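# Secondary and tertiary structure notes
Below, each chain spelled out in residue letters.
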There are 2 protein chains.
Amino acid sequence: MADLSEDVSLIGSSEAGPRYWRDWNDDYGAPAPVARPRTPAALVEVVRRLSKLHIPMVAQGGMSGLAGGGAPEAGEVVVSTELLRQIEDVDVFSGTMTVQSGVTLQAVQEEAERHGLFYPVDLGSRGSCTLGGNIASNAGGNRVLQYGMTRASILGLEVVLPDGTLISRLSQVVKDNAGYDLKHIFIGSEGTLGIVTRAVLRLQPLPRERVTVALGCARLEQVLKALVAARRSFGPALTSFEVMWRDFHSFVTRELGIGRDPFNGDAEFVVILEISCFDSDADRDRARIEDALAHMSEDLGTDQVVIAQSLKDAAEIWRIRDASGEVARMLGEYLSFDISIPTSRLTHVLGVIEAGLQDIDPGLRKVTYGHLGDGNLHLLVACTAEFIEPVERLVYGAIAGIGGSISAEHGIGLSRRTALASALPRAEIEAMRRIKAALDPNNLFSPGRVLDMARALSH
Amino acid sequence: MADLSEDVSLIGSSEAGPRYWRDWNDDYGAPAPVARPRTPAALVEVVRRLSKLHIPMVAQGGMSGLAGGGAPEAGEVVVSTELLRQIEDVDVFSGTMTVQSGVTLQAVQEEAERHGLFYPVDLGSRGSCTLGGNIASNAGGNRVLQYGMTRASILGLEVVLPDGTLISRLSQVVKDNAGYDLKHIFIGSEGTLGIVTRAVLRLQPLPRERVTVALGCARLEQVLKALVAARRSFGPALTSFEVMWRDFHSFVTRELGIGRDPFNGDAEFVVILEISCFDSDADRDRARIEDALAHMSEDLGTDQVVIAQSLKDAAEIWRIRDASGEVARMLGEYLSFDISIPTSRLTHVLGVIEAGLQDIDPGLRKVTYGHLGDGNLHLLVACTAEFIEPVERLVYGAIAGIGGSISAEHGIGLSRRTALASALPRAEIEAMRRIKAALDPNNLFSPGRVLDMARALSH
């Protein structure tokens with residue numbers, strides 16, 4: 001490939017608009033030149049050439065990240081996957097799809113359904129986020145409870161290393177213990193170790209129907225009991241268990257006027273359950289769900305149970321949950337936490353956080369919601385600059401040493417690098433640095449994201 | 001820890017019997033001294049001291065491996081986890097169990113059930129294999145179709161590195177994107193990168209019942225259609241889909257006289273399905289299963305369907321499948337393949353292998369069975385030394401470049417290292433070596449297993 005001009009579309013840094021240097025959070029980024037390869041092979045060649053010149057690179061997908069991972073800094077070149085949009089193969093018998101890394105999540109979902117199959121990862125940004133970005137960030141979403149994070153849906157991966165070496169393991173099988181499973185090193189490494197060119201996705205059987213249920217609870221203990229009961233009653237058919245605190249659902253339905261509160265403000269917590277149905281007899285399946293819910297509501301002592309009777313009904317309920325973006329916008333300046341907490345510790349940890357916020361400033365507004373089935377909580381705290389440090393110290397302190405995580409699904413990027421360095425033991429950070437140095441000795445891929453290698457090298 | 005004599009039980013190499021130097025395959029190993037730490041901290045101290053002296057170590061669990069990964073060679077010290085048998089915690093709300101690495105799989109399964117929960121990984125060697133060994137080998141088994149390999153059931157991991165550094169990330173949550181997910185580097189690395197001291201396991205809801213079904217098929221195409229149909233009909237409730245070729249099931253039921261063939265020799269293929277039930281109304285659940293099977297058998301054109309009516313019935317069917325150990329013993333000298341094949345390629349690949357075996361020697365006996373739901377096939381070929389090379393070349397050649405694997409679940413260890421080096425592109429082996437060198441620069445943990453580092457260093 002002597003001349004790349006046909007295979008790569010280049011945009012100069014002065015022409016590349018903020019679309020190429022701002023992610024969703026809009027906190028980082030500087031204008032940078034953009035290379036947009038038209039084929040996976042051209043992407044490899046771009047990396048090889050930049051690597052020879054020791055020019056640092058940042059891989060870029062749909063730019064819907066929330067941690068500054070895809071925003072370029074001065075001196076870096078953006079390697080964009082946006083022209084790698086080909087779905088290369090669907091294998092209905094094996095239940096796999098092979099895609100280029102710039103394909104959007106929504107395109108994958110739709111293509112799977114066209115073949116009577118199902119790609120279970122789902123996020124609000126499905127229309128713009130790419131599979132390459134999903135893989136780099138090990139994206140989570142609403143169905144992790146049953147189907148796992150993106151990691152669990154990736155069978156094969158093709159990545160280019162920072163020196164231009166191509167690692168192509170386009171495995172189509174679930175069971176593959178032939179040597180170290182390198183794909184798991186790249187998945188979730190946020191573009192710091194390799195850039196994805198292709199992936200083989202694992203497709204699932206498509207449910208005949210998905211039933212949405214809203215459940216009202218008065219206390220957090222009741223919500224946690226409902227989770228245990230729902231898992232017991234539905235087993236793997238329970239694909240979502242989302243919880244909205246009053247500070248969230250009332251904000252959405254009353255202040256923003258979005259959606260309709262199924263319990264008219266009477267529930268402290270609104271839980272959304274999604275149950276997958278495979279029975280050919282829809283009435284029998286419905287009866288099973290109704291029986292289980294009747295048992296659950298009796299045990300829990302709540303009669304606040306609404307089963308969506310139509311897709312429109314279900315969409316109304318989900319609209320409330322999906323309004324998190326609008327909520328964030330309305331808050332103005334805010335801190336966003338994306339934490340995981342073992343469910344057995346949730347009541348205690350939230351008590352500590354609530355009391356602590358009161359101590360810092362009783363006027364601080366917080367909004368709480370999350371994928372509680374996985375212990376993943378999103379917590380937004382509206383606050384101005386002077387409160388950032390004490391609020392971060394409070395929240396990260398409350399979850400230290402309890403087996404949770406300071407970043408459940410949004411990743412580290414630039415925005416949580418300092419928090420990561422304080423939250424993890426030095427030995428663990430050091431092991432991560434060894435991996436980074438082994439695969440990217442010249443620190444060319446997304447330097448400074450996730451880990452501070454400069455500091456490591458100067459030690 | 002100045003004096004380790006209380007915390008570590010030592011056995012000299014002349015006293016340590018073959019139990020400490022032979023794994024299940026019995027092909028490798030030499031007498032070696034054995035250190036058996038009584039606590040995780042003592043294991044770390046053992047590694048630290050041996051590391052300082054540059055003495056190579058081999059981690060050892062239940063010695064039920066099939067690739068020579070746990071068998072010591074001359075000059076090595078065995079670090080045995082067999083005294084680390086404590087189940088440290090069960091958290092019913094979060095659905096997690098924290099164990100030391102020497103706990104057996106069966107102990108974990110039983111402890112989970114005592115709490116109304118379920119640890120889904122299951123293998124024939126459950127009574128002797130340890131969680132540490134399961135993690136090191138990323139063990140598979142009969143329920144991968146729904147619950148994944150061992151990797152999918154590990155939330156947190158504590159490992160000691162070859163230099164004695166302890167990496168303790170005992171996460172209890174599914175969602176944890178805080179930095180590189182180091183546990184995935186250690187899982188499946190067969191003891192070459194770290195030794196597991198503790199792990200946090202993910203427990204699942206316990207099904208009310210598991211229904212076992214035997215299905216008879218005349219042709220492989222029919223089996224593959226049945227797989228697609230069963231996944232569609234049962235969704236995630238389909239937890240096993242095991243297939244036995246006639247060369248296997250007839251061997252077991254007729255020659256060995258084990259179990260009872262549900263179709264009296266009339267079926268070319270016997271498929272075992274396991275379906276998990278969560279409905280509180282057992283009759284309704286049974287009706288759902290019967291309806292789905294009736295549809296399936298009509299579509300497939302087979303009336304060979306038997307639903308186990310009791311636990312005893314189910315055990316009779318599973319006994320045939322579980323007799324693979326006895327089959328292997330009866331074969332005398334044999335080659336054992338543990339390969340993965342995308343199901344869409346299965347008919348073609350098996351055709352190539354069958355024709356090739358005929359060409360090599362029409363007298364070669366083969367036995368075929370496997371976890372077909374995952375594309376994982378076990379193939380035993382009875383053959384004497386002169387046929388080893390052509391048969392290996394045939395089988396590995398037939399699955400080259402089709403997105404399968406030369407080792408689905410048994411790993412590489414010593415026995416498949418050469419096969420791995422020929423099957424994978426050089427770039428991939430080189431990337432694995434970089435990881436190994438980054439975490440084990442002095443090549444002290446299980447040297448020579450999985451990768452030939454000596455060759456790498458001399459290049």
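Residues numbered from 1 in each chain as written. Chains lettered and ligands numbered in written order. Predicted model: local features only at pLDDT ≥ 70, side-chain atom pairs only at ≥ 80, totals over all residues. Heavy atoms only, no water.

Spelled out, the test is: UniProt positions are given in the numbering used here, feature names are shortened, and annotations may be inferred rather than shown by experiment.
Identification of chain A as FAD-binding oxidoreductase from Polaromonas aquatica is taken from an unreviewed UniProt entry. Quoted verbatim from the Cofactor (unreviewed entry) heading of the UniProt record, the comment on chain A is "FAD". For the record of chain A, the UniProt heading Sequence similarities (unreviewed entry) holds the text "Belongs to the FAD-binding oxidoreductase/transferase type 4 family."

## A word on the overall build of chain A
How we decide: Put simply, DSSP H or I for four residues or longer makes a helix, DSSP E for two residues or longer makes a strand, and each gets a number counted from the N terminus. Only C-alpha atoms enter the radius of gyration, while the globule expectation follows 2.2 Å times N to the 0.38, with N the number of residues. Here a residue-residue contact requires only that any non-hydrogen atoms of the pair lie within 4.5 Å. Only the protein chains shown count as covering a residue, and every accessible area follows the Shrake-Rupley method with a 1.4 Å probe. The convention is simple: Lys and Arg are positive, Asp and Glu are negative, and His and the chain ends are not counted. Charged groups are reduced to one reference atom each: NZ for lysine, CZ for arginine, CG for aspartic acid, CD for glutamic acid.
Summing up its helical and strand segments, chain A has 15 helices and 18 strands in all. Here the C-alpha radius of gyration of chain A, 23 Å, is about what a compact globule of 459 residues would show, namely 23 Å. Residue pairs at least 24 apart in sequence account for 72% of intrachain contacts in chain A once pairs closer than 6 positions are excluded. Counting only carbon and sulfur atoms, one obtains 49% of the accessible surface of chain A, whose full area is about 16,700 Å². Charge separation in chain A, taken as the distance between the mean sites of 45 positive and 59 negative side-chain charges, equals 3 Å.

## What to know about the relation of the copies chain A and chain B
Quick reminder of the rule: The copies were overlaid by least squares, fitting only the C-alpha atoms of residues that reach a pLDDT of 70 or more in each copy.
For the pair chain A and chain B, the relating rotation is 180 degrees, the translation along its axis is 0.0 Å, and the fit reaches an RMSD of 0.0 Å. On the angle and the small slide along the axis, the relation comes out as a two-fold axis. When the interface residues of chain A are mapped onto chain B, 100% of them again fall at the interface, so both copies present the same face.

## Quick look at the sheet that holds strand β18 (residues 376-382) of chain A
Two orientations exist for strands paired in a sheet by backbone hydrogen bonds: parallel and antiparallel. All names here are of chain A. For the record, the criterion: Strands pair, by our definition, only if DSSP identifies at least two bridges between them. For helices, the axis comes from a line fit to the C-alpha atoms of the stretch in contact; other axes are also lines fit to C-alpha atoms, and the angle between any two N-to-C directions lies between 0 and 180 degrees.
Read across the sheet, seven strands follow the order β15-β12-β14-β13-β17-β18-β16 without closing on themselves; strand pairing throughout is antiparallel. Strand pairing shows two members of the sheet lacking a second neighbour, β15 (305-307) and β16 (334-340), which therefore form its edges. Across the sheet, the axes of successive neighbouring strands diverge by a mean angle of 15 degrees, strand direction being ignored. Looking at chain direction, strand β17 (residues 365-371) and β18 are connected through seven bridges and run antiparallel. Following the sheet pairing, Thr-368 is matched in β18 by Leu-379. Taken strand by strand, helix α6 (residues 220-234) contacts β12 (209-217), β13 (238-245) and β14 (269-277), and its axis lies near 170 degrees from that of β13.

## Brief notes about the environment of B:Gly124
Inspection of the secondary structure puts B:Gly124 in the loop between β7 (117-118) and α3 (131-136). On a C-alpha basis, the gap between B:Gly124 and B:Ser64 in space is 9.7 Å, while along the polypeptide they are 60 residues apart.

## Comments concerning the pattern of salt bridges
Think of it this way: side chains of opposite charge can pair up when their charged atoms draw near. Residues and elements named next belong to chain A. Note the following rule: Just to be clear on terms, a salt bridge is a Lys or Arg side-chain nitrogen sitting within 4 Å of an Asp or Glu carboxyl oxygen.
Applying the stated criterion to the full structure yields 62 salt bridges over all chains. Between Glu-82 and Arg-19 there is a salt bridge, with its nearest N and O atoms 3.1 Å apart. Here Glu-82 is found in the loop between β4 (77-80) and β5 (87-91), whereas its partner Arg-19 is found in the loop between β1 (8-11) and β2 (34-37), with 63 residues between them in sequence. Connected through shared salt-bridge partners, Arg-19, Arg-36 and Glu-82 make up one network.

## Here we look at the sheet that holds strand β1 (residues 8-11) of chain B
Residues and elements named next belong to chain B. In space, the four strands of this open sheet follow the order β1-β2-β4-β3, with mixed pairing throughout. The open sheet terminates on both sides in strands that have one partner only, identified here as β1 and β3 (57-60). Averaged over neighbouring strand pairs, the angle between their axes works out to 25 degrees when direction is ignored. Where β3 and strand β4 (residues 77-80) come together, four bridges link them in parallel fashion. Bridged to Val-58 within β4 is Val-78.

## Some points on the environment of B:Ile353
Mapping B:Ile353 onto the fold places it in helix α11 (residues 346-360). Considered as a pair, B:Ile353 and B:Leu394 are 41 residues apart in the sequence and their alpha carbons are 6.7 Å apart.

## Here we look at the nonpolar core
Cut-off, in case you're wondering: As used in this record, nonpolar core signifies buried Ala, Val, Leu, Ile, Met, Phe, Trp, Tyr and Cys residues forming a set joined through side-chain atoms within 4.5 Å. Burial classes follow relative accessibility: with a 1.4 Å probe on protein chains only, a residue under 20% of its type's maximum area counts as buried, one over 50% as exposed, and anything between as partly exposed.
If you look at the biggest cluster of nonpolar residues, it comprises 188 residues, and the most contacted ones within it are A:Phe241 and B:Phe241. If we skip the residues at most four places from it in the chain, B:Phe241 touches B:Leu145, B:Val223, B:Ala226, B:Leu227, B:Ala230, B:Val271, B:Ile272, B:Leu273, B:Gly370, B:His371, B:Leu372 and B:Gly373.

## Re the domain arrangement of chain A
Residues and elements named next belong to chain A. The criterion, for reference: For the domain bounds, the source is a domain assignment made automatically or taken from a database. Two parts lose some accessible area (1.4 Å probe) when they are put together, and adding that loss for both gives the buried area. Here a polar contact is taken to be a pair of N or O atoms separated by no more than 3.5 Å, where protein atoms must pair a possible hydrogen donor with a possible acceptor and residues adjacent in sequence count only if both atoms sit in side chains. Note that Gly is not counted as nonpolar here; it falls among the polar residues with everything else outside the nonpolar set of Ala, Val, Leu, Ile, Met, Phe, Trp, Tyr, Cys and Pro and the charged set of Asp, Glu, Lys and Arg.
If you check the domain split of chain A, you get domain 1 (8-80), domain 2 (87-205), domain 3 (209-324) and domain 4 (332-411). Relative to domain 3, the C-alpha centre of domain 2 lies at a distance of 30 Å. Facing the eight residues of domain 2 at the interface are 12 residues of domain 3. Carbon and sulfur atoms make up 47% of the surface buried where domain 2 meets domain 3, a total of about 860 Å² over both sides. A salt bridge links Arg-143 to Glu-274, with the nearest nitrogen and oxygen atoms 2.9 Å apart. Where domain 2 packs against domain 3, one counts two residue pairs in polar contact (both at pLDDT 80 or more). Examining the composition of the side of domain 2 that touches domain 3, we find that three residues originate from one element, helix α4 (residues 144-147), more than from any other. Here the side of domain 2 that touches domain 3 is composed, by residue class, of four nonpolar, two polar and two charged.

## Details of the UniProt feature "domain: FAD-binding PCMH-type" (unreviewed entry) in chain A
Here, UniProt's "domain: FAD-binding PCMH-type" (unreviewed entry) annotation points to residues 27-206 of chain A. Taken end to end, residues 27-206 of chain A is 21% helix and 25% strand, and its first and last C-alpha atoms sit 39 Å apart.

## Let's talk about the interface of chain A and chain B
Across the boundary between the two partners, chain A contributes 94 residues, which contact 94 residues of chain B. Between chain A and chain B the total buried area reaches about 7,400 Å² when both faces are included, carbon and sulfur atoms providing 57% of it. Of all residues in chain A, the largest losses of buried area upon contact with chain B belong to A:Lys175, A:Asn177 and A:Tyr180, amounting jointly to 14% of the total for that side. Applying the counting criterion to the chain A and chain B interface returns 12 salt bridges. The interface formed by chain A and chain B holds 51 residue pairs in polar contact (both at pLDDT 80 or more) in total. Of all the secondary structure elements, the ones that give two or more residues to the side of chain A that touches chain B are α4, β9 (166-169), α5 (183-186), β11 (204-205), α6, α8 (282-300) and α14 (426-439) of chain A. Looking at which element gives the most residues to the side of chain A that touches chain B, the answer is α14(A), with nine residues. When grouped by side-chain class, the residues that make up the side of chain A that touches chain B number 40 nonpolar, 33 polar and 21 charged.

## So, the packing of α8(A) against helix α8 (residues 282-300) of chain B
Selection rule: Just so you know how the angles are binned, under 35 degrees is roughly parallel, over 145 roughly antiparallel, 65 to 115 roughly perpendicular, and the rest oblique. In this scheme, a crossing is called left-handed if the near helix is turned counterclockwise away from the far one by less than a right angle; it is called right-handed if the turn is clockwise.
Orientation of α8(A) relative to α8(B), taken along the N-to-C sense of each, is 155 degrees, at an axis distance of 11 Å. The orientation of α8(A) with respect to α8(B), classified from their angle, is roughly antiparallel. The handedness of the crossing between α8(A) and α8(B) is left-handed. Between α8(A), through A:Arg284, A:Ala287, A:Arg288 and A:Asp291, and α8(B), the contact on the second element is made entirely by B:Arg284, B:Ala287, B:Arg288 and B:Asp291.

## Thoughts on helix α11 (residues 346-360) of chain A
Basically, it comes down to this: One less than the residue count of a helix, multiplied by 1.5 Å, gives the span that helix is expected to have.
Along its 15 residues, α11(A) runs 21 Å from first to last C-alpha, staying within 8% of the 21 Å computed at 1.5 Å per residue. Those residues of α11(A) that are buried lie in contact with α6, β13, β17, β18 and α12 (385-398) of chain A.

## Things to note about the pairing of β4(A)
Residue and element names in this part refer to chain A. Across the two faces of β4 the burial is the same, with Val-77 and Val-79 and Val-78 and Ser-80 all buried. Pairing geometry for β2 and β4, over two bridges, is parallel. What sits directly across from Ala-35, in β4, is Val-79.

## A few points about the side chain of A:His378
Relative to the elements of secondary structure, A:His378 occurs in strand β18. Side chain to side chain, A:His378 and A:Glu409 meet in a polar contact 3.1 Å long.

## Some points on the packing of aromatic side chains
Aromatic rings in a pair are described by how distant their centres are and how their planes are angled relative to each other. To keep things clear, this is the line we draw: Side-chain rings of Phe, Tyr and Trp, where Trp is taken by its six-membered ring, are said to pair if the distance between their centres is within 6.5 Å; with planes under 30 degrees apart they count as stacked, over 60 as edge-to-face, and otherwise as tilted. Only Lys NZ and Arg CZ are tested; either one counts as a charge over a ring when it is within 6 Å of the ring centre and within 35 degrees of the ring normal.
This model, assessed by the stated rule, comprises eight aromatic pairs over all chains. Its guanidinium or amino end placed over the ring of B:Phe251, B:Arg365 lies 4.1 Å from that ring's centre, counting from NZ or CZ.

## Quick word on the side chain of B:Ser297
Residue and element names in this part refer to chain B. One can find Ser-297 in helix α8. Taking the relative accessible area as the measure of exposure, Ser-297 reaches 16% and is therefore buried. Setting aside residues no more than four positions away along its own chain, Ser-297 makes contact with Thr-302 and Val-305.

## Considerations on unusual backbone geometry
One non-glycine residue, A:Asn138, lies in positive phi territory at about 45 degrees. Tracing the backbone through its elements, the reader meets A:Asn138 in the loop between α3 (131-137) and α4. With a phi close to 50 degrees, B:Asn264 is a non-glycine residue in the positive phi region. Mapped onto the secondary structure, B:Asn264 falls in the loop between α7 (246-255) and β14 (269-277). According to the relative accessible area criterion, B:Asn264 is exposed, its value standing at 58%.

## A closer look at the environment of A:Glu15
All names here are of chain A. On the secondary structure map, Glu-15 appears in the loop between β1 and β2. The class for Glu-15 is exposed, based on a relative accessible area of 57%. Between the C-alpha atom of Glu-15 and that of Pro-33, which follows or precedes it by 18 residues, the distance is 8.4 Å.

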